[in-house]
Amino acid sequence: MIPNIFRSSANPVRHRHVVNKIVATSPQHLYAVITDVDSYKHFLPFCKSSKVLRRSSCGTQFDASLTIGVSNLPPLNAIKEEYISRVRHVQQVSSDGKDEWMVEAKSIRSNLFHGLNSSWHLTTHSGLLNSDTPGLVDEDCANDENKMTKVKFEVEMSVADPMISIAMENILENVAIRQIEAFEKRCKEIPFNVKKEK
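Note that the structure is a prediction, hence the values are computed from the model and not measured.

What counts, and where the lines are drawn
Residues numbered from 1 in each chain as written. Predicted model: local features only at pLDDT ≥ 70, side-chain atom pairs only at ≥ 80, totals over all residues. Heavy atoms only, no water. Helix = DSSP H or I, 4+ residues; strand = E, 2+ residues; numbered from the N terminus. Buried < 20%, exposed > 50% of the residue type's maximum accessible area, 1.4 Å probe, protein only. Areas by Shrake-Rupley, 256 points an atom, 1.4 Å probe, with all protein chains shown as cover. Contact = heavy atoms within 4.5 Å. Pairing = 2+ DSSP bridges. Axes fitted to C-alpha atoms, helices over the stretch in contact; angles between N-to-C directions. Phe/Tyr/Trp six-rings, centres within 6.5 Å; stacked < 30°, edge-to-face > 60°. Salt bridge = Lys/Arg side-chain N within 4 Å of Asp/Glu carboxyl O. Core = buried A, V, L, I, M, F, W, Y, C linked by side-chain atoms within 4.5 Å. pLDDT = per-residue confidence, 0-100.

A word on the overall build of the protein. Counting its secondary structure elements, the protein contains 3 helices and 9 strands. Secondary structure elements of the protein occur, N-terminal to C-terminal, as β-α-α-β-β-β-β-β-β-β-β-α. For the protein, with 198 residues in total, the buried portion stands at 44%. Carbon and sulfur atoms make up 49% of the accessible area of the protein, which totals about 11900 Å².

Now for the environment of L53. Mapped onto the secondary structure, L53 falls in strand β2 (residues 47–55). C-alpha separation for the pair L53 and D63, spaced 10 residues apart in sequence, amounts to 5.5 Å. Those residues within four positions of L53 in sequence are excluded, and the remaining contacts are D63, A64, S65 and I84.

Read from one edge to the other, the open sheet built from 7 strands follows the order β1-β9-β6-β5-β4-β3-β2, with strand pairing classed as antiparallel. Each end of this open sheet is capped by a strand with a single partner; those strands are β1 (13–23) and β2. Going across the sheet, the axis of each strand differs from the next one's by a mean of 20 degrees, ignoring polarity. Sitting on the sheet, helix α1 (residues 27–34) is in contact with β4 (79–93), β5 (99–109), β6 (115–125) and β9 (148–159), with an inclination near 160 degrees to β6.

Below, the discussion takes up the packing of aromatic side chains. Within the structure shown, the criterion is met by 5 aromatic pairs. A centroid spacing of 5.6 Å and a plane angle of 80 degrees characterise the contact between Y40 and F183, whose relative ring orientation is edge-to-face. Here F183 lies in helix α3 (residues 162–189) and Y40 lies in helix α2 (residues 40–43), a separation of 143 residues in the sequence. The two residues Y40 and F183 agree in class, both being buried.

Right, let's talk about the pattern of salt bridges for a bit. The tally for this structure, following the rule as stated, stands at 6 salt bridges. For K21, the salt bridge goes to E184, with nearest N and O atoms at 2.7 Å. Taken as a pair, K21 in strand β1 and E184 in helix α3 lie far apart in primary sequence, 163 residues in all. One continuous salt-bridge network, built from bridges that share partners, spans R54, D63 and R86.

With respect to the helices, strands and loops of the structure, C47 is situated in strand β2. Distance in space between the C-alpha atoms of C47 and E82 is 9.8 Å, their sequence separation being 35 residues. Residue contacts for C47: discarding those within four places in its chain leaves Y40, K41, L66 and T67.

The next subject is unusual backbone geometry. Phi at F46 is positive, roughly 75 degrees, even though this residue is not glycine. Its location among the elements puts F46 in the loop between α2 and β2.

A separate point is the nonpolar core. Core analysis: the largest hydrophobic core is formed by 38 residues, its most contacted members being I34, Y40, W120, L122 and F183. Top element by residues in this core is α3. It accounts for 6 residues. Beyond its immediate stretch of four places on either side in the chain, I34 contacts Y40, V103, W120, L122 and F183.

For α1, a buried count of 6 out of 8 residues is recorded, marking the element as mostly surrounded by other parts of the structure. Among the residues of α1, P27, H29, L30, Y31, V33 and I34 are the ones counted as buried.

What follows is about the confidence of the model for the protein. Confidence in the prediction for the protein averages 80 pLDDT; 76% of positions are at 70 or higher. Within the model, pLDDT remains below 50 along residues 130–145, and this stretch shows 18 contacts once partners closer than five positions in the same chain are excluded.

The structure is reproduced here in structure tokens:
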């Protein structure tokens, strides 16, 4: 049993950051990459190991073990933590009749974090990123072949250790952005074909 050297008697402080972005791939593709937790260790920053432990019979929930290691992100040098997350994922139709894909992860066992939660909300964005102006969407050129994904990614951490808490305040935005960039890159590396309905 690893001693809990990071927790303190202080009340945990919650840190939260939200990233909204248009990603150049389909929601189905990004959803498949996000739920492939076994592969996180191959491409996700700070992730040293990742493994799905068990899956629910309904197929929309699983528990996963992840190990994160930080060695070059001051002031969080030489930190390593293994924790278990419970992941819920679902594709559904929203109240306004649009398809949406959701993935929520909540830590259920951790020595370092009192809470480590993340959520993805994906919807189809029927537009193109203008290559001449990065980030600009050209709606007039939209078609089914070029649907993109509107992403809302939220990450929340609760820690009691004062030093860790201060560090989280300073770097959480950077960590969240790097996470999305890693998933974007993975989508480019791993082809995905969506079967069209006839």
